[in-house]
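The chain contents come next:
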Amino acid sequence: MREISQHEVQMVSGAGLTEIIGGLTTAMDNVSTALQTTVESISAATDSWTIRGLTHKALSLSRAYAKLSFLSSILTSLNSTTDTTTTA
């Protein structure tokens, strides 16, 4: 019977989640910036069709941010769970 290496344990225990969570955080920052820019554009717009289009964009960005935040929250809790089980 062969011994399991530390690398194999890390692969199974959720190694790499930190990088994924970091990527999600970056994506959330980008979406937040785009949402802020879109809201500013809505404030400056005068044409009703432009306002309508920008409003739809803002709603979509808001939904995207909520989904990214939800996913980040799940992965963060998984990461903290694997951290406590690997250190025990």
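Our structure is the block above this text.
Since the model is a prediction, treat every value here as computed from it, not as a measurement. (Residues numbered from 1 in each chain as written. Predicted model: local features only at pLDDT ≥ 70, side-chain atom pairs only at ≥ 80, totals over all residues. Heavy atoms only, no water.)

Caption draft 1: Just the overall build of the protein, in detail. In terms of helices and strands, the protein carries 3 helices and 0 strands. Start at the N end of the protein and walk to the C end: the helices and strands fall as α-α-α. Within the protein, contacts between residues separated by at least 24 positions form 68% of all contacts whose residues are at least 6 apart in sequence. Roughly 6,600 Å² of accessible area belongs to the protein as shown, and the carbon and sulfur atoms make up 62% of that amount. (Helix = DSSP H or I, 4+ residues; strand = E, 2+ residues; numbered from the N terminus. Contact = heavy atoms within 4.5 Å. Areas by Shrake-Rupley, 256 points an atom, 1.4 Å probe, with all protein chains shown as cover.)

Caption draft 2: Highlighting the nonpolar core. Residues L17, I21, L24, M28, V31, L61, L68 and L75 constitute the largest nonpolar core, which totals 8 residues. Sorting the residues of this core by element identifies helix 2 (17-44) and helix 3 (48-87) as the ones contributing at least two each. In terms of residues, this core owes the most to one element, helix 2, which gives 5 residues. Apart from the residues within four sequence positions on either side, L24 is in contact with L68, L71, S72 and L75. (Core = buried A, V, L, I, M, F, W, Y, C linked by side-chain atoms within 4.5 Å. Buried < 20%, exposed > 50% of the residue type's maximum accessible area, 1.4 Å probe, protein only.)

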